[in-house]
2 protein chains.
Amino acid sequence: MAAESGDKWILTVTAQTPTNIAVIKYWGKRHEELILPINDSISVTLDPDHLCTTTSVAVSPAFTHDRMWLNGKEVSLSGDRFQNCLRELRSRASDVEDEKKGIKISKKDWEKLRLHIVSFNNFPTAAGLASSAAGLACLVFSLANLMNVKEDHSKLSAIARQGSGSACRSLFGGFAKWIMGKEENGSDSIAVQLADEKHWDDLVIIIAVVSSRQKETSSTSGMRDTVETSMLLQHRAKEVVPKRVKQMEEAIEKRDFPSFARLACADSNQFHAVCLDTLPPIFYMNDTSHKIISCVEKWNRHEGTPQVAYTFDAGPNAVLISHNRKTAALLLQRLLFLFPPQSDTDLDSYVIGDKTILKDAGIHEMKDVEALAPPPELKENAPTRNKGDVSYFICTRPGRGPVVLNDESRSLINSETGLPK
Amino acid sequence: MAAESGDKWILTVTAQTPTNIAVIKYWGKRHEELILPINDSISVTLDPDHLCTTTSVAVSPAFTHDRMWLNGKEVSLSGDRFQNCLRELRSRASDVEDEKKGIKISKKDWEKLRLHIVSFNNFPTAAGLASSAAGLACLVFSLANLMNVKEDHSKLSAIARQGSGSACRSLFGGFAKWIMGKEENGSDSIAVQLADEKHWDDLVIIIAVVSSRQKETSSTSGMRDTVETSMLLQHRAKEVVPKRVKQMEEAIEKRDFPSFARLACADSNQFHAVCLDTLPPIFYMNDTSHKIISCVEKWNRHEGTPQVAYTFDAGPNAVLISHNRKTAALLLQRLLFLFPPQSDTDLDSYVIGDKTILKDAGIHEMKDVEALAPPPELKENAPTRNKGDVSYFICTRPGRGPVVLNDESRSLINSETGLPK
């Protein structure tokens, strides 16, 4: 190592990367190892203030192995997916020089230097909120910065894709499209930005984290089963999705909320339909998910035009995208009417994220939740209130892409020991 | 009226008709009024001892209107579907002579004579167990007998079809196929018998009537919505079902249970998948339905070959078809382990129908239910027991087609007044 300050130096980079939610779904691979999908997909990036991964990466001649810590626990890096990302990044690394610290790393050194990676999610991992997408994107983005990989975000997305398919879409803020590509080696299976987070900034997103006791099918094995057994999936991938992708791009470009909502809801439902058409069938949504859909559908129909879009990934949590702040406040009233918190929960931990939506909804304390009237479109059916069916709500919005955090205090790695702080 | 015994005579016929459960599903019409389907379907007829409709029909010159009573309440006959059936039957009526009673009705009289119809289901109508299929089939079958309609059961099935699509399959015992037909007037959209109830008589059927608070989408409006909005339904009807129908006919002919089970489960799941792909999405299955599927799938996989097939119609109830009495007893043990009755329910009303299956399962009293061990294939997951999720179980089997009940005491009509007994 051509480091001038001796063998004790440690160089670190810290970055923050958002999670994303697909509005045209990715489900099914045409190549398992390279993670090449059978159709394009489109996502909204979620505000990293509320949902993101922060990752610090460090390199030092003193490190003897590549090591990684996730949410405070050391995890193995031996999996193919991690190894593929590390190999791809090392092969693209360039010379690095830190004049202040007097560190010089030449391109060829990277093959021998070992890395420490420390990663944290700012949201509960068990909640099933696409933590692997943000996590792998952040790993690739932070290492690319550390290693001076001179490639644009789309090229990096092809590396992140090999760690976790949907991670490629987390390299961009706003709205991203994962292009399935045609090449056998996957070089053209990359994400691109459709619009940044300022393009359509009145959208408000409310996530209902749904209580669930059921162990879920992992998306990796679930989508493999669907590819192998569903008689409907290929028709979806070849005939349905290509049209929807075009229409969704247009809806996003024009900020056409009714089209956006119709496409997002239809595609979420179709994804869960092909899961159900799998042998054995996969159920990601539960009765609470169904109730949330039913609430949104009735409201949208009552208003004559969509107020809110819903989309569900490989779990029971609902991601609800509101047209604007006003509809978000009306939505939150409906959600809190139908799903009030358990009596031992306080409001502050039941609705997290952007709490101004709660204020807009006129809800300041728990008794405001208790006093909520049933929504007019449900009045005839005497709707029941389902205490405990939702664990909590997160209020958020479309957000920015990955950023490097230059503030040393944000680093998760102790700059003396190279270990987690 | 050429009735020799004066104007006070009443002529009655009483018949009993089974319900049926589709194992290749009917979902979607190509003609709303004639009830012409977009694909063939195949069903198993259920033993009328446990699930059937009994209908008495009467004709008298003293009757002033066509009238009908269903489960003790007078109901309107003004709907198009009833009217279509009555018109079709009247146009095919023949001369009738009852020498003993001295009654003679000539073909042309039927246009003027009015009818009384009294119908009862021997199972709770609210349970969502295809009561309309048995009901309409019984109405057509009993009237055809009363009116001396000289047509075979397949021709009659085309009339019943116009009352309720799946009713056409209830004209046969054992296994029936509803051929979609090609003619615009629906004349070739008829049911035929694939095999009678003796052909495969070791099958045992257990129905789990699932508790549900949700109001369900009627199948008529649900399938209309699916036809109009699902992007997957036509692919199912044109590409998937025709192959499955052939394979299912072969499985039934050869009594090939593994193929029968795989096809029935896959087709039930695909029917629910296209419901989910509908706008707004239709959910007929609930968390309890999902738990039952999961239990069966795990057991089938554990044994290496299917022990039980499941199928769900437009509601949360599970229809479970066991290979034989032995697997039925093992299935019932599993079901009672996972879904024990509420403490205030007695075993005798919790498992109804053919109670010998309960004895085979070694369950004689409630404490035998309490003492059940978790099934070996679930042991690792420490399965919970879901008290109250199932209302009751019905043990039954494939059964016979419609029969005329000659025993006057079985008539539901008072032979003096022409009104319900």
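Predicted model only: the values in this text are computed from it and were never measured.

**Focus: helix α4 (residues 219-229) of chain B**
All names here are of chain B. Residues G222, M223 and T226 constitute the buried set of α4. The buried residues of α4 occupy an angular sector of 90° when the element is viewed end-on, so they sit on one face. Buried residues along α4 sit in contact with β3 (29-31), α5 (233-253) and α6 (257-276).

**Considerations on the sheet that holds strand β5 (residues 41-45) of chain B**
Residues and elements named next belong to chain B. An order of β2-β5-β12-β13 is seen for the 4 strands of this open sheet, with the pairing classed as antiparallel. A single partner strand is all that each edge strand has here, and the edge strands are β2 (20-24) and β13 (191-195). Here the strands of the sheet are splayed against their neighbours by 35° on average, with no regard to which way each runs. Pairing analysis gives 4 bridges linking β5 to strand β12 (residues 175-178), with the strands arranged antiparallel. The residue of β12 that forms the bridge with S41 is W178. Contacts from α5 reach β2, β5, β12 and β13, with the element oriented near 115° to β2.

**Examining the relation of the copies chain A and chain B**
Between chain A and chain B, the superposition needs a rotation of 180° and an axial shift of 0.0 Å, giving an RMSD of 0.1 Å. Those values place the two copies in the arrangement expected of a two-fold rotation axis. Considering only C-alpha atoms, the residue of chain A closest to the rotation axis is A273 of chain A, which sits at 2.1 Å. Both copies present the same face, since 100% of the interface residues in chain A are matched by interface residues at the equivalent positions in chain B.

**What to know about the domain arrangement of chain A**
Residue and element names in this part refer to chain A. Each domain of chain A was delimited in the assignment, giving domain 1 (11-196 + 404-410) and domain 2 (204-396). Using only C-alpha atoms to locate each centre, domain 1 and domain 2 end up separated by 28 Å. Summing the contributions of domain 1 and of domain 2, the shared interface buries around 2,800 Å²; its carbon and sulfur component is 72%. E32 is the partner of R224 in a salt bridge, and the nearest nitrogen-oxygen pair spans 3.6 Å. Applying the counting rule to domain 1 against domain 2 returns 10 residue pairs in polar contact (both at pLDDT 80 or more). For the side of domain 1 that touches domain 2, the elements supplying multiple residues, two or more each, are β2 (20-24), β5 (41-45), β12 (175-178) and β13 (191-195). Considering every element that reaches the side of domain 1 that touches domain 2, the biggest residue donor is β2, with 4 residues.

**Thoughts on the interface of chain A and chain B**
Taken together, the contact pairs 26 residues of chain A with 26 residues of chain B. Taken together, the connections running from chain A to chain B amount to 0 salt bridges. Of all the secondary structure elements, the ones that give two or more residues to the side of chain A that touches chain B are α5 (233-253), α6 (257-276) and α7 (287-303) of chain A. Ranked by residues supplied to the side of chain A that touches chain B, first place goes to α6 of chain A with 6 residues. Its residues assigned to classes, the side of chain A that touches chain B comprises 13 nonpolar, 7 polar and 6 charged.

**Remarks on the sheet that holds strand β6 (residues 52-60) of chain B**
Whenever strands of a sheet pair, they do so through backbone hydrogen bonds, lying parallel or antiparallel. All names here are of chain B. Pairing in this open sheet of 6 strands is mixed, and the strands run β8-β7-β11-β6-β1-β19 from one edge to the other. This sheet does not close on itself; its edge strands, each paired only once, are β8 (73-75) and β19 (403-404). As defined by bridge partners, strand β7 (residues 67-70) adjoins strand β11 (residues 114-121) across 4 bridges and the pair is classed as parallel. Bridging across to β11, W69 finds its partner in V118. Its contacts with the sheet put helix α2 (residues 131-146) on β1 (11-18), β6, β7, β11 and β19, and the angle it makes with β1 is roughly 145°.

**Thoughts on the packing of α6 of chain A against α6 of chain B**
Here α6 of chain A crosses α6 of chain B at 180°, and the two axes come no closer than 8 Å. Taken together, α6 of chain A and α6 of chain B sit at an angle that is classed as roughly antiparallel. Across the interface between the two elements, N269, H272, A273 and L276 of chain A of α6 of chain A pack against N269, H272, A273 and L276 of chain B of α6 of chain B. In the contact of α6 of chain A with α6 of chain B, the residues fall into 4 nonpolar, 4 polar and no charged.

**With respect to the pattern of salt bridges**
Taken as a whole and assessed by the stated rule, the structure comprises 44 salt bridges over all chains. A salt bridge links D354 of chain A to R325 of chain A; the shortest N-O distance between them is 4.0 Å. With D354 of chain A in the loop between β17 (351-353) and α10 (356-360) and R325 of chain A in helix α8 (residues 325-338), the pair connects residues that are 29 residues apart, well separated along the chain. Among the residues examined, D354 of chain A registers a relative accessible area of 11% and is labelled buried. The salt bridge partner of K291 of chain B is D389 of chain B, with a shortest N-O separation of 3.4 Å. Here the residue K291 of chain B occupies a position in helix α7 (residues 287-303), and D389 of chain B occupies one in the loop between α11 (366-370) and β18 (390-396), the gap between them amounting to 98 residues. Taking relative accessible area as the criterion, K291 of chain B reaches 27% and is therefore assigned partly exposed. The class for D389 of chain B is partly exposed, based on a relative accessible area of 22%. Salt bridges sharing common partners tie together D47, R325, D354, D360 and R397 of chain A.

**Overview of the pairing of strand β16 (residues 318-322) of chain B**
Here is the key point about a regular strand: its side chains alternate between the two faces of the sheet. Residue and element names in this part refer to chain B. Among the 5 residues of β16, 5 are classified as buried, and the element is accordingly described as predominantly covered. The pairing of strand β14 (residues 204-210) with β16 spans 5 bridges and is antiparallel. Considered in β16, the bridge of I206 is made with L320. As defined by bridge partners, strand β15 (residues 308-311) adjoins β16 across 4 bridges and the pair is classed as antiparallel.

**Here we look at the packing of aromatic side chains**
Given two aromatic rings, one states the distance between the centres and the angle between the planes to describe the pair. Residues and elements named next belong to chain A. For the coordinates displayed, the defined rule picks out 20 aromatic pairs over all chains. Ring geometry for W200 versus F257: centroids 6.4 Å apart, planes at 80°, classification edge-to-face. Here W200 is found in the loop between β13 and β14 (204-210), whereas its partner F257 is found in helix α6, with 57 residues between them in sequence. Assigned by exposure class, W200 and F257 land together as buried. Centre to centre, the rings of F257 and F260 are 6.0 Å apart; their planes meet at 35°, and the pair counts as tilted. With F257 and F260 both in helix α6, this residue pair falls 3 residues apart, about one helical turn.

What counts, and where the lines are drawn
Counting from 1, residues in each chain are numbered in the order their sequence is written. Lettering of chains starts at A and numbering of ligands starts at 1, both following the order in which they are written. Given that the model is predicted, a residue must reach a pLDDT of at least 70 before its local features are reported, and side-chain atom pairs must reach 80 or more before they are shown or counted; all residues, however, enter totals for whole chains, interfaces and linings. Values shown for side chains rest on all heavy atoms present in the structure; no hydrogens or waters enter the calculation. Throughout, exposure labels follow a simple rule: accessible area from a 1.4 Å probe, protein chains only, divided by the maximum for the residue type, with under 20% read as buried, over 50% as exposed, and the rest as partly exposed. Secondary structure is summarised from DSSP: a helix means a run of H or I of at least four residues, a strand means a run of E of at least two, and numbering begins at the N terminus for each. The arc in question is the one traced by the directions running from the helix axis out to the C-beta atoms. Contact criterion: two residues are considered in contact whenever any of their non-hydrogen atoms come within 4.5 Å of each other. Here, strands pair whenever DSSP counts at least two bridges between them. Orientation is described by lines fitted to C-alpha atoms, with helices fitted over the stretch in contact, and by angles between N-to-C directions that extend from 0 to 180 degrees. Only residues with pLDDT of at least 70 in both copies count here: their C-alpha atoms drive the least-squares fit that superposes the copies. Domain delimitation in this document rests on an assignment produced automatically or drawn from a domain database. Take the accessible area each of two parts loses on contact, using a 1.4 Å probe, and add the two losses: that sum is the buried area. Salt-bridge detection follows one rule: a side-chain nitrogen of Lys or Arg within 4 Å of a carboxyl oxygen of Asp or Glu. Each polar contact in these results corresponds to two N or O atoms within 3.5 Å; when the atoms are within protein, one needs to be able to donate a hydrogen and the other to accept it, and residues that are neighboring in sequence are counted only if both atoms are side-chain atoms. Throughout this entry, Asp, Glu, Lys and Arg are counted as charged residues, while Ala, Val, Leu, Ile, Met, Phe, Trp, Tyr, Cys and Pro are counted as nonpolar. The remaining residues, Gly among them, count as polar. Angle categories are assigned with fixed cut-offs, so that under 35 degrees is roughly parallel, over 145 is roughly antiparallel, 65 to 115 is roughly perpendicular, and the rest are oblique. Each aromatic pair joins two rings of Phe, Tyr and Trp (for Trp, the six-membered one) with centres within 6.5 Å, and gets the label stacked for planes under 30 degrees apart, edge-to-face for over 60, and tilted for any other angle.

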